[in-house]
Each structure stands twice: as C-alpha cells, then as structure tokens.
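# Fold and geometry: a report
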Amino acid sequence: MKLDVAIVTRDPQARDAAARSFAAAPPQWSIRLCDEVPGDADVVVAGPGVDAPGAIPFDPSRPQDAL
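Small disclaimer: the values here were computed from a predicted structure and weren't measured.

### Here we look at the nonpolar core
In this structure, Leu3, Val5, Ile7, Ala17, Ala18, Phe22, Ala25, Val45, Phe58 and Ala66 together form the largest nonpolar core, which totals 10 residues. At the level of elements, strand E1 (3–8) and helix H1 (12–21) are the ones that each hand at least two residues to this core. Counting residues per element, this core draws most heavily on E1, at three residues. In this view, Ala17 contacts Phe58, Pro60 and Pro63; residues no more than four positions away in its chain are not counted. Ranked by size, the runner-up nonpolar core spans eight residues in total, among them Ala6, Val8, Ala46 and Val50.

### Digging into the pattern of salt bridges
Evaluated as defined, the whole model comprises four salt bridges. Among the ionic pairs, Asp4 bridges to Arg32, the shortest N-O distance being 2.8 Å. Taken as a pair, Asp4 in strand E1 and Arg32 in strand E2 (residues 29–34) lie far apart in primary sequence, 28 residues in all. A salt bridge links Asp35 to Arg15; the shortest N-O distance between them is 2.6 Å. Residue Asp35 is found in the loop between E2 and strand E3 (43–46), and its partner Arg15 is found in helix H1; the two are separated by 20 residues along the sequence. Judged by relative accessible area, Asp35 falls into the partly exposed class, the value being 45%.

Rules behind the numbers
Residues numbered from 1 in each chain as written. Predicted model: local features only at pLDDT ≥ 70, side-chain atom pairs only at ≥ 80, totals over all residues. Heavy atoms only, no water. Core = buried A, V, L, I, M, F, W, Y, C linked by side-chain atoms within 4.5 Å. Buried < 20%, exposed > 50% of the residue type's maximum accessible area, 1.4 Å probe, protein only. Helix = DSSP H or I, 4+ residues; strand = E, 2+ residues; numbered from the N terminus. Contact = heavy atoms within 4.5 Å. Salt bridge = Lys/Arg side-chain N within 4 Å of Asp/Glu carboxyl O.

Below is the structure:
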C-alpha cells in the first residue's frame, strides 16, 4: 500500500530519531521530514511541540510506537 508519510518536527534530535526509525518502513511508503504540517500527506507524524490534530505522536524515546 502506497502511503505519503510526513514527519513534522523542528527538533534536531527528534528528526534524527524519526529518520532512523522510519528507515525500516515498507519501500512503497514515501517518507518526508517537514518543518510544518503539509496539507497533502496521507499520514502525519508529529514530533514534540508540534500541534497537529489527528496526527500520530512521535516520542524520540519510544520511536517504535509511531510505526
């Protein structure tokens, strides 16, 4: 299943943790790191300090929970 996943965070440590954890995502997923919530993503993953209603929360201390 093709998915466009936007990981939204401005925190460098959260960004690094998210990139590492989503490296194992299925190859048909398009993963992108964003500073702002995009309007065209299928799924939004919100890092610390990002307010995005309906987003999947990303906690750098528990990165596997977002997958």
